[in-house]
Amino acid sequence: MAERLGVSVGAVSKWEIGHNMPDLTVLVDMANLFDISVDVLLGYEPAAQRKDEIIDEIRMLMGQHQFEEAEEASRTALIRYPNDFALLYSSAILYQAAAMEHNNPEEAQKSIDLYERAKVVIAQNENPEINEFVIDSGIAADYMLLDNKKALEAYKKINFGGIHNTMLSLVSLKDGDVKAALNYGTYGLIDHLSNLFNSGIYMIVALSQSSKSKDLDSALELTGIMINILDMFKAVPIGYNSKLEAVFIILKAYIYSCLGDTKQMKKAVREGKTLAQKYDDEGSTANIGEYMKFFYLDNKMYGTMDSIGQNAVKGIDRLIKKNLMEIAAPRKKAIEQLYSEWEKYDI
């Protein structure tokens, strides 16, 4: 080694026993000799890597409910990196989880402080799933352990598109305002049901494109679950839910077509089209307030819009012929068989 580096054997011996250190130029030559970086040679770890490891450790400890150890790791790291966004945000989540676990207002306040500090340096953020709205939502949740009035104000301020209606129902209930809790709860229920049914439709169609029989069976089972849920929230025999129910019955017919069960497909088509026609004949509208159970808004005229439209038969016709054909093209034959049966069945 001495020969390769152009130094004396005595110099290398002193490095080995720790009596001396090579100068910078020799360190570079040594790194080249071993084909490694000077950082690796010296055992230096970049700060960004150390921070990532600390954050991973905090998350791991938090996941194991070892909050004291996680908080200690957070405090130590924040002394070294007091303005690092990722560390501040992760620490805020840690104290929020601990506050909820222990019902501890002090930890909730610490979480709020860390969230606020994270907002100051949010320009550092590289995670597209995190923004000021997400942080403000976290702060609002923390206030529920500190000051219910402030929690109410915070959630109202960021209730864009009714996204926090469910939480506002809870905060209103804690505030003793039962009417507001029912009001926000109704909005939240409608929104969640809408998302549930839309997700159900997309999942059923996605599963239909699988070649595995178990996926088609799952799609069939999911249509049944959606129909049952719609029935549970139905206040009258024929109403807005009936239109959605007709859609899921036709999707069931589509899955039967994919499975090659012509008999069950025809039966489901007749059932779905009969229900859709009955909805149209009774002049039903999209006013959920008249047809939905557990509806507690003062204004019963709560309308909604969907891709089916006001006329159920025409809307489902378009759904099969156009929409389904566009997104489930690999099942073209099954869709054509379904549409042929739909078209020729005259109520």
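Preceding block: the structure.
Being a predicted model, the structure only gives us computed values, none of them experimental.

**A word on the overall build of the chain**
No. 1: Helix and strand content of the chain: 18 helices and zero strands.
No. 2: The C-alpha atoms of the chain give 31 Å as radius of gyration, which overshoots the globular expectation for 347 residues (20 Å, by more than 25%).
No. 3: Along the first, second and third principal axes, the C-alpha set of the chain runs to 100 × 55 × 30 Å.
No. 4: Counting only residues that meet the buried cut, the chain has 42% of its 347 residues in that class.
No. 5: Sequence separation of 24 or more characterises 57% of the internal contacts of the chain that already satisfy a separation of 6 or more.
No. 6: With the model as given, the accessible surface of the chain reaches about 19,300 Å², and the carbon-plus-sulfur share is 53%.
No. 7: Put simply, the chain has 37 plus and 50 minus side-chain charges, and the middle of one group is 10 Å from the middle of the other.

**Digging into the side chain of D142**
No. 1: One can find D142 in helix 9 (residues 132–143).
No. 2: Buried D142, no salt bridge; nearest opposite-charge side chain is K174, N-O distance 11 Å.
No. 3: Residues in contact with D142, not counting those within four places in the same chain, are Q96, A108, S111, I112 and Y115.

**Some thoughts on the pattern of salt bridges**
No. 1: Inspection of every chain in the model, using the stated rule, returns 10 salt bridges.
No. 2: Here K149 makes a salt bridge to D175, at a shortest N to O gap of 3.3 Å. You can see K149 sitting in helix 10 (residues 148–157) and its partner D175 sitting in the loop between helix 11 (165–174) and helix 12 (178–208), a full 26 residues away along the chain.
No. 3: The shortest N-O distance in the salt bridge between E326 and K322 comes to 3.0 Å. In this pair, E326 and K322 both sit in helix 17 (residues 312–327), four residues apart, roughly one turn of the helix.
No. 4: Since its relative accessible area comes to 43%, K322 is described here as partly exposed.
No. 5: Put simply, D231, K234 and E245 are held in one network by salt bridges that share partners.

**Observations regarding the packing of helix 9 against helix 10**
If you want to describe how two helices pack, look at the angle between their axes and the distance between the axes.
No. 1: Relative orientation of the contacting elements helix 9 and helix 10 amounts to 155 degrees, with a least axis distance of 7 Å. Between helix 9 and helix 10, the interaxial angle falls into the category roughly antiparallel. Relative to helix 10, helix 9 is oriented so that their crossing is left-handed. Residue-level inspection shows S137, A140, A141 and Y143 of helix 9 in contact with helix 10, the latter providing N148, K150, A151, A154 and Y155.
No. 2: Residues belonging to the contact of helix 9 with helix 10 are distributed by class as follows: six nonpolar, two polar and one charged.

**Quick word on a positive patch on the surface**
No. 1: Positive charge collects at one region of the surface, where K263, K266, K267 and R270 lie side by side.
No. 2: Within the secondary structure, K263 is located in helix 15 (residues 262–281).
No. 3: Its relative accessible area of 67% is what places K263 among the exposed residues.

**Some details on the packing of aromatic side chains**
No. 1: Per the counting criterion, the structure on display carries five aromatic pairs.
No. 2: Aromatic side chains F85 and Y89 sit 5.9 Å apart centroid to centroid with 15 degrees between the ring planes, which places their arrangement in the stacked category. Placement of both F85 and Y89 in helix 7 (residues 85–102) is noted, with a separation of four residues, approximately one turn of the helix. Across the pair, Y89 and F85 agree in class, each one buried.

**Description of unusual backbone geometry**
No. 1: Positive phi, normally seen in glycine, also occurs at N103, with a value near 50 degrees.
No. 2: Position of N103 relative to the elements: it lies in the loop between helix 7 and helix 8 (105–120).
No. 3: Although it is not a glycine, F294 adopts a positive phi angle of roughly 60 degrees.
No. 4: For F294, the position within the fold is in the loop between helix 16 (288–291) and helix 17.

**Brief notes about the packing of helix 14 (residues 240–259) against helix 17**
No. 1: At a minimum axis separation of 10 Å, helix 14 and helix 17 run at an interaxial angle of 35 degrees. With respect to the hand of their crossing, helix 14 and helix 17 are arranged in right-handed fashion. Contacts between helix 14 and helix 17 involve K243, A246, V247, I250 and Y254 on the former and, on the latter, A312, I316, L319, I320 and L324.
No. 2: Across the contact of helix 14 with helix 17, the residue classes tally to nine nonpolar, no polar and one charged.

**Considerations on the side chain of K243**
No. 1: The topology assignment puts K243 in helix 14.
No. 2: Assessed through its relative accessible area of 2%, K243 is described here as buried.
No. 3: Apart from the residues lying within four places of it in its own chain, the contact partners of K243 are Y279, D306, I308, G309 and A312.

Calculation criteria
- Residues numbered from 1 in each chain as written.
- Predicted model: local features only at pLDDT ≥ 70, side-chain atom pairs only at ≥ 80, totals over all residues.
- Heavy atoms only, no water.
- Helix = DSSP H or I, 4+ residues; strand = E, 2+ residues; numbered from the N terminus.
- Rg over C-alpha atoms; globule rule 2.2 N^0.38 Å.
- Buried < 20%, exposed > 50% of the residue type's maximum accessible area, 1.4 Å probe, protein only.
- Contact = heavy atoms within 4.5 Å.
- Areas by Shrake-Rupley, 256 points an atom, 1.4 Å probe, with all protein chains shown as cover.
- Lys, Arg positive; Asp, Glu negative; His and termini not counted.
- Charge placed at Lys NZ, Arg CZ, Asp CG, Glu CD.
- Salt bridge = Lys/Arg side-chain N within 4 Å of Asp/Glu carboxyl O.
- Axes fitted to C-alpha atoms, helices over the stretch in contact; angles between N-to-C directions.
- Parallel < 35°, antiparallel > 145°, perpendicular 65-115°, else oblique.
- Left-handed = near helix turned anticlockwise from the far one by under 90°.
- Nonpolar A, V, L, I, M, F, W, Y, C, P; charged D, E, K, R; others polar.
- Patch = residues over 30% accessible without salt bridge, like charges linked within 9 Å, V, L, I, M, F, W, Y side chains within 5 Å.
- Phe/Tyr/Trp six-rings, centres within 6.5 Å; stacked < 30°, edge-to-face > 60°.

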